[in-house]
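Examination of the molecular architecture
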Amino acid sequence: MENILDKEIKGIIDAYPEVGKILEEYGIGCAPCSVGSCLMKDIVGIHNLDPQQEATLMYRIEKAVYPGRDIPEPKVDLTKKAAPKKIMYSPPVKKLVDEHVLIKRLLALIPSVVEYIENNVEVDKELVLRCVDFIRNYADKYHHMKEEDILFKYVDENAEIIQVMYKDHDTGRNHIRQVVEGAENGNKAQIKEHLFGYRDLLTQHIKKEDEILYPWIDRQLSDTQVGEMFRRCNEADASVGDELPKKYENFINKLEEKFLKEVVK
Ligand SMILES: [Fe+2]
Ligand SMILES: [Fe+2]
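Residues numbered from 1 in each chain as written. Chains lettered and ligands numbered in written order. Predicted model: local features only at pLDDT ≥ 70, side-chain atom pairs only at ≥ 80, totals over all residues.

**What to know about the overall build of the protein chain**
As a reminder, the rule being used: Every helix listed is a DSSP run of H or I at least four residues long, and every strand listed is a run of E at least two residues long, numbered separately from the N terminus. Contacts are defined on C-beta atoms placed from the backbone: any two residues whose C-beta positions lie within 7 Å are in contact.
The number of helices and strands found in the protein chain is eleven helices and zero strands. When the helices and strands of the protein chain are listed from N to C terminus, the series reads α-α-α-α-α-α-α-α-α-α-α. Each principal axis of the C-alpha atoms in the protein chain carries an extent, and together these give about 70 × 45 × 35 Å. Expressed as a percentage of contacts within the protein chain between residues at least 6 apart in sequence, the contacts between residues at least 24 apart total 76%.

Shown next, in the form of structure tokens:
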């Protein structure tokens, strides 16, 4: 099995597509990943499966790759269900998870914003640009910058999972540039395409961070590092002032009020 563990996952999935399907059953979405240079052993480590799940997963993968081999079946107690894992975040990481909540509230409003724009003759440029302002200054500058400048520095930045996160941040910025261009030109289709593109991207991105990346980083941090990271995150927040998160929370509250009221009408 050592030789499989040391191979890049994309190569394994290309040669044995069944492996991609098996991984997906365990909530490990390697098949659609755009980079794919993770090693098999890193994937198993990053996802932190319980020992029963890991033994069964590795058995099934080995069977898919070497169907002719006599591989002993793992002794798994099928009556014992794996308890759902409750993720415990360190304080600085928990703060980042909490920031995701406000970003997800904006993502949930995007279909209503797009519908409103489509149903009006003129593009409400101010509305689009206010959403862009939230995305650029809260989601990107306030939140993503803490990830890029602080959090990611505590682990191997060349690890594929970190590279994928950087790539997602950049793809998000490109979508938002397109949204601004659409607003400037009154191009509803362009606004729609890229606001939805941003929503789909960030929805998956936040899920990966909350469920996989952040717990993986937390598992590698010593108490001293957690304390240091907490201090650095607090300093970064203090440098922008208390008003910034409050301002953007108010914006989301108002946006929800506007669109929830319209739904009720
Ligand atoms: Fe991120
Ligand atoms: Fe994030």
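**Things to note about the domain arrangement of the protein chain**
Going by this rule: The split of the chain into domains comes from an automatic or database domain assignment.
By domain assignment, the protein chain separates into domain 1 (2–65) and domain 2 (91–264). One C-alpha centre belongs to domain 1, the other to domain 2, and the line joining them spans 30 Å.

**Overview of the nonpolar core**
Side chains that are nonpolar tend, in soluble globular proteins, to be buried together. The condition is simple: Linking buried Ala, Val, Leu, Ile, Met, Phe, Trp, Tyr and Cys residues through C-beta atoms within 7 Å yields a set, and such a set is a nonpolar core. Whether a residue is buried, exposed or partly exposed follows from its count of other C-beta atoms within 10 Å of its own C-beta, namely 20 or more, 12 or fewer, or something in between, respectively; the C-beta atoms are built from the backbone.
In this structure, Cys 131, Phe 134, Val 179 and Ile 191 are the most contacted members of the largest nonpolar core, which totals 20 residues. The set of elements that each furnish at least two residues to this core consists of helix H6 (91–119), helix H7 (125–149), helix H8 (160–185) and helix H9 (188–220). A total of seven residues in this core trace back to one element, the largest contributor, which is H7. Apart from residues lying up to four places away in sequence, Ile 191 is in contact with Ile 117, Val 123, Val 128, Val 179, Gly 182 and Ala 183. Formed by eleven residues, the second largest nonpolar core is a distinct cluster that contains Ile 9, Cys 38, Ile 43 and Leu 49.

**Focus: the packing of H6 against helix H10 (residues 223–240)**
Threshold: Interaxial angle, 0 to 180 degrees, is taken between N-to-C directions of lines fitted to C-alpha atoms, where a helix line uses only the stretch in contact. By the definition adopted for this analysis, an angle is roughly parallel if under 35 degrees, roughly antiparallel if over 145, roughly perpendicular if from 65 to 115, and oblique otherwise. Each residue gets one label: Ala, Val, Leu, Ile, Met, Phe, Trp, Tyr, Cys and Pro are nonpolar, Asp, Glu, Lys and Arg are charged, and the others, such as Gly, are polar.
Closest axis-to-axis distance for the H6/H10 pair is 8 Å, and the angle between their directions is 45 degrees. Classified by the angle their axes make, H6 and H10 are oblique. On the side of H6, the interface is formed by Pro 91, Pro 92 and Lys 95, while H10 contributes Val 226, Met 229, Phe 230 and Cys 233. Along the lines of polarity and charge, the residues of the contact of H6 with H10 split into six nonpolar, no polar and one charged.

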